[in-house]
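If you want the building blocks of each chain, they are given just below.
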Amino acid sequence: MKEHVSKIKIKRREGIASQLNHPQLSPLLATLYSNRGVKGLDELEMSLKSLAPPDLLTNIDAAAELLAEAVTAGAAVVVVGDFDADGATSCALAVKCLRAFGLDEVSYLVPNRFEYGYGLSPEIVGVAAMRQPDVIVTVDNGISSVDGVHAAQALGMSVLVTDHHLPGETLPTADVIVNPNLPGDRFPSKNLAGVGVIFYVMLALRAKLRALGWFQSGNIQEPNMSQFLDLVALGTVADVVPLDRNNRILVQQGLMRIRQGNACVGVSALLQIAGKNFATIKSADFGFALGPRLNAAGRLDDMSVGIECLLSEDSDQALRLAAQLDQLNRERKEVEVGMRQEAMAVVEQFQLADDNLPCTYVLADPSWHQGIVGLVASRVKEKTNRPVIVLAPGENEGEWKGSARSIEGVHMRDMLARIDTLFPKLIEKYGGHAMAAGLSLKDENLNRFRDACDKVSKEITKNQSWDHVILSDGPLSASYLNLQTANEIHQSTPWGQGFFEPVFDDYFEVKEGRIVGEEHLKLTLAKEGMREPIDAIYFGGVQKHDEQPKGLVRVVYRVDVNEFRGNKNLQLIVVHIE
């Protein structure tokens with residue numbers, strides 16, 4: 001039986017390309033940018049001078065002041081991170097910057113998700129206290145750590161919270177909080193990843209130290225902050241935050257450094273292990289090649305492996321750590337495949353039992369791995385185009401830990417907040433964004449939570465369309481189906497969440513087709529006006545069709561460069577066939 005998928009509709013984007021007519025832009029790029037809401041060339045300016053200024057972030061001056069006092073006094077600072085790629089890059093960036101600014105007593109601590117769970121918990125504060133820090137700095141977490149911040153302050157530590165997750169009703173009593181999503185914050189980019197927030201804090205700190213004459217008096221070479229942008233780019237894309245203009249600038253600048261051979265040792269090692277060409281790296285490589293390898297450490301083992309790789313100054317050591325991350329990622333894939341198949345089997349039973357499918361799938365199994373639930377939720381969401389919550393046993397007996405993934409039009413964190421309001425104390429903890437969230441439950445509340453989720457989901461999705469809409473930029477003429485077009489698209493403004501990579505659709509004749517790697521389809525496609533057929537790869541295509549596509553078909557695709565034994569050729573990446 002093929003996996004259940006939502007009904008797919010292809011909708012073509014509409015833009016006003018004439019607004020972007022300019023000799024600097026090809027007609028194709030003008031159309032693609034227009035389709036994404038770009039109205040003028042100024043919006044495509046990707047220089048660092050176009051970044052939103054740090055002083056628009058609430059409390060950033062106070063954060064710089066707190067850290068400047070710590071640096072100049074030689075205080076002990078512990079950076080507390082998160083166990084995903086954003087958390088790892090945030091942590092590495094904070095440690096690297098503070099050391100470069102002349103602080104010797106700086107270390108990091110990342111909660112092991114299987115022992116302590118997420119964020120600055122009182123238990124993690126207890127571990128940190130053994131190092132006798134003067135200051136705790138959270139990166140990519142802390143906005144919901146009310147008890148943890150209180151515990152740290154009770155022990156005499158100052159606490160700086162840097163985070164990007166949505167605040168709850170109660171804020172922690174930290175000495176300083178920097179978060180673009182704080183009420184009343186004037187920073188124009190609410191989509192900063194955790195690594196983006198700490199980058200801005202470090203920009204402000206450098207300015208503060210410069211004003212104090214710290215670098216000059218201490219004979220310290222003032223760091224160029226652009227050297228850290230490879231970490232910012234990696235964490236931003238891997239965290240799947242929307243690439244608004246500010247984030248695109250950060251990512252583009254990081255990509256440029258890497259392409260010029262200026263990546264840090266750890267990022268270079270990850271690229272090498274992933275088999276990526278430095279000169280042609282694109283933003284998608286952060287999300288599909290580097291990010292998963294970093295995330296694998298936090299999902300299956302200890303994120304310290306990933307952070308040490310990013311912090312390493314020795315290429316041999318970094319390569320060993322990157323190889324370890326690669327092996328963890330292979331193990332992660334094996335675990336994920338089994339869980340995904342089991343989860344989809346449950347979804348199929350829903351479909352067979354009743355055409356009235358749940359508005360939100362709540363899937364739980366005592367054999368599932370806590371570190372993989374987010375990935376499985378994402379995969380099931382992609383198949384069903386419905387919000388999905390996947391739960392696995394937590395570190396404490398009688399506890400469930402879950403990850404939720406949502407779709408356009410359904411705000412996941414708001415949905416959990418609504419459940420919490422209507423059914424108090426049903427959810428132990430929750431937090432997150434519109435598209436992704438985390439939560440924990442007691443075992444005895446699991447069935448009640450399913451019912452509550454069903455009730456609230458029906459309430460907030462009354463007008464929701466469950467069709468899966470693929471937005472296409474339309475057909476590409478035969479004259480554009482070449483290597484030059486693929487290179488032009490890949491080397492232009494970075495694409496990603498909220499500024500999606502161009503997708504095209506057209507009718508092709510399938511000349512040849514074969515199965516590769518058990519579940520993928522390798523196709524040869526032709527259409528009128530083409531000199532010769534084009535190779536295409538349809539990842540997971542075997543699972544989506546009862547038989548191989550034949551004859552004339554409508555293909556939704558991206559253009560890509562396939563490099564093999566030094567030869568480069570155009571390849572289409574198939575998104576959908578009908």
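Look up: the structure comes first, before these words.
Heads up: these notes are all about the structure in this document. (Residues numbered from 1 in each chain as written. Predicted model: local features only at pLDDT ≥ 70, side-chain atom pairs only at ≥ 80, totals over all residues. Heavy atoms only, no water.)

Examining the overall build of the chain
Then step 1. Counting its secondary structure elements, the chain contains 18 helices and 17 strands.
Then step 2. Here the chain has a C-alpha radius of gyration of 24 Å; the compact-globule value for 578 residues is 25 Å, and the two agree.
Then step 3. Principal-axis analysis of the C-alpha atoms gives the chain an extent of 75 × 60 × 45 Å.
Then step 4. Counting over 578 residues, the chain shows a buried share of 56%.
Then step 5. A sequence separation of at least 24 residues applies to 68% of the contacts in the chain between residues at least 6 apart.
Then step 6. Put simply, the chain shows about 25200 Å² of open surface, and 47% of that area lies on carbon and sulfur atoms.
Then step 7. Of the charged side chains in the chain, 58 are positive and 74 negative, and the gap between their average positions amounts to 5 Å. (Helix = DSSP H or I, 4+ residues; strand = E, 2+ residues; numbered from the N terminus. Rg over C-alpha atoms; globule rule 2.2 N^0.38 Å. Buried < 20%, exposed > 50% of the residue type's maximum accessible area, 1.4 Å probe, protein only. Contact = heavy atoms within 4.5 Å. Areas by Shrake-Rupley, 256 points an atom, 1.4 Å probe, with all protein chains shown as cover. Lys, Arg positive; Asp, Glu negative; His and termini not counted. Charge placed at Lys NZ, Arg CZ, Asp CG, Glu CD.)

Brief notes about the pairing of strand E7 (residues 361–364)
Then step 1. As defined by bridge partners, E7 adjoins strand E8 (residues 388–393) across four bridges and the pair is classed as parallel. Following the sheet pairing, alanine 364 is matched in E8 by leucine 391.
Then step 2. Handedness of the E7-helix H14 (residues 373–384)-E8 crossover: right-handed. (Pairing = 2+ DSSP bridges. Right-handed = clockwise from strand over helix to strand, strands pointing away.)

Some details on the sheet that holds E8
Then step 1. The mixed open sheet is built from five strands, whose spatial order is E7-E8-E9-E11-E10. Where the open sheet ends on each side, the last strands, each with one partner, are E7 and strand E10 (429–432). The sheet shows a mean angle of 15° between the axes of neighbouring strands, taken without regard to direction.
Then step 2. Judged from the four bridges that link them, E10 and strand E11 (residues 436–442) form a sheet pairing that is antiparallel. Bridging across to E11, glycine 432 finds its partner in alanine 437.
Then step 3. Taken strand by strand, helix H16 (residues 446–460) contacts E7, E8, strand E9 (399–405) and E11, and its axis lies near 165° from that of E7. (Axes fitted to C-alpha atoms, helices over the stretch in contact; angles between N-to-C directions.)

Topic: the pattern of salt bridges
Then step 1. Scanning all chains against the criterion turns up 25 salt bridges.
Then step 2. Here arginine 13 and aspartate 473 are joined by a salt bridge, their closest N and O atoms 4.0 Å apart. You can see arginine 13 sitting in the loop between strand E1 (8–12) and helix H1 (27–35) and its partner aspartate 473 sitting in the loop between strand E12 (468–472) and helix H17 (483–491), a full 460 residues away along the chain.
Then step 3. Arginine 13 sits in the buried class, given a relative accessible area of 18%.
Then step 4. Judged by its relative accessible area of 10%, aspartate 473 falls in the buried class.
Then step 5. Here glutamate 336 ties to arginine 379 by a salt bridge, and the two come within 3.1 Å at their closest N and O atoms. (Salt bridge = Lys/Arg side-chain N within 4 Å of Asp/Glu carboxyl O.)

Regarding the nonpolar core
Then step 1. In terms of nonpolar packing, the biggest core is built from 146 residues, with Leu93, Met202, Val267 and Phe286 touching the most fellow members.
Then step 2. The element contributing the most residues to this core is helix H6 (residues 194–211), with 11 residues.
Then step 3. Beyond its immediate chain neighbours, meaning those up to four positions away, methionine 202 contacts Leu67, Leu93, Ala94, Cys97, Leu98, Phe101 and Met225. (Core = buried A, V, L, I, M, F, W, Y, C linked by side-chain atoms within 4.5 Å.)

Examining helix H10 (residues 265–273)
Then step 1. Along H10, the positions that sit buried rather than exposed are Gly266, Val267, Ser268, Ala269, Leu270 and Leu271.
Then step 2. Remark: glycine 275 follows H10 within two positions and exhibits a positive phi of approximately 70°.

Thoughts on the layout of surface pockets
Then step 1. Within this model, the second largest pocket holds a volume of roughly 350 Å³.
Then step 2. Around the second largest pocket, the lining comprises 16 residues; the ones closest to its centre are Leu481, Glu532, Pro533, Ile534 and Leu570.
Then step 3. Elements that contribute at least two residues to the lining of the second largest pocket include exactly strand E15 (534–538) and strand E17 (567–577).
Then step 4. Here the lining of the second largest pocket gets three residues from one element, more than from any other, and that element is E17.
Then step 5. Residue composition of the lining of the second largest pocket, grouped by class: six nonpolar, six polar and four charged. (1 Å grid on protein atoms, 1.4 Å probe; cavity = no way out; pocket = protein on both sides within 12 Å on 5 of 7 lines; lining within 4 Å. Points joined across faces, edges and corners; volume = space filled by probe spheres on them. Nonpolar A, V, L, I, M, F, W, Y, C, P; charged D, E, K, R; others polar.)

Thoughts on the sheet that holds E15
Then step 1. What the five strands build is a closed barrel, ordered E13-E14-E15-E17-E16; its pairing is mixed. Neighbouring strand axes in the sheet, compared pairwise and without regard to direction, differ in orientation by 50° on average.
Then step 2. Judged from the 10 bridges that link them, strand E16 (residues 551–564) and E17 form a sheet pairing that is antiparallel. Paired with tyrosine 557 across the strands is valine 574, a residue of E17.
Then step 3. Taken strand by strand, H17 contacts strand E13 (504–516), E16 and E17, and its axis lies near 70° from that of E16.

Re the environment of alanine 52
Then step 1. Within the secondary structure layout, alanine 52 lies in the loop between H1 and helix H2 (60–73).
Then step 2. C-alpha separation for the pair alanine 52 and asparagine 246, spaced 194 residues apart in sequence, amounts to 6.7 Å.

Brief notes about unusual backbone geometry
Then step 1. In the Ramachandran plot, asparagine 59 falls in the positive-phi region, its phi being about 75° despite a non-glycine side chain.
Then step 2. Positive phi, normally seen in glycine, also occurs at glutamine 132, with a value near 55°.
Then step 3. Taking relative accessible area as the criterion, glutamine 132 reaches 66% and is therefore assigned exposed.

Let's talk about the packing of aromatic side chains
Then step 1. The final tally for this structure, using the stated rule, is nine aromatic pairs.
Then step 2. Aromatic pair tyrosine 33 and tryptophan 495: ring centres 5.8 Å apart, planes at 20°, arrangement stacked. With a gap of 462 residues between them, tyrosine 33 in helix H1 and tryptophan 495 in the loop between H17 and E13 connect regions that are remote in the sequence. The two residues tyrosine 33 and tryptophan 495 agree in class, both being buried. (Phe/Tyr/Trp six-rings, centres within 6.5 Å; stacked < 30°, edge-to-face > 60°.)

Overview of the environment of alanine 129
Then step 1. Residue placement: alanine 129 occurs in helix H4 (residues 122–129).
Then step 2. Taking the C-alpha atoms as reference points, alanine 129 and valine 159, separated by 30 residues in sequence, lie 13 Å from one another.
Then step 3. Those residues in contact with alanine 129, other than ones at most four positions away along the chain, are Leu155 and Met157.

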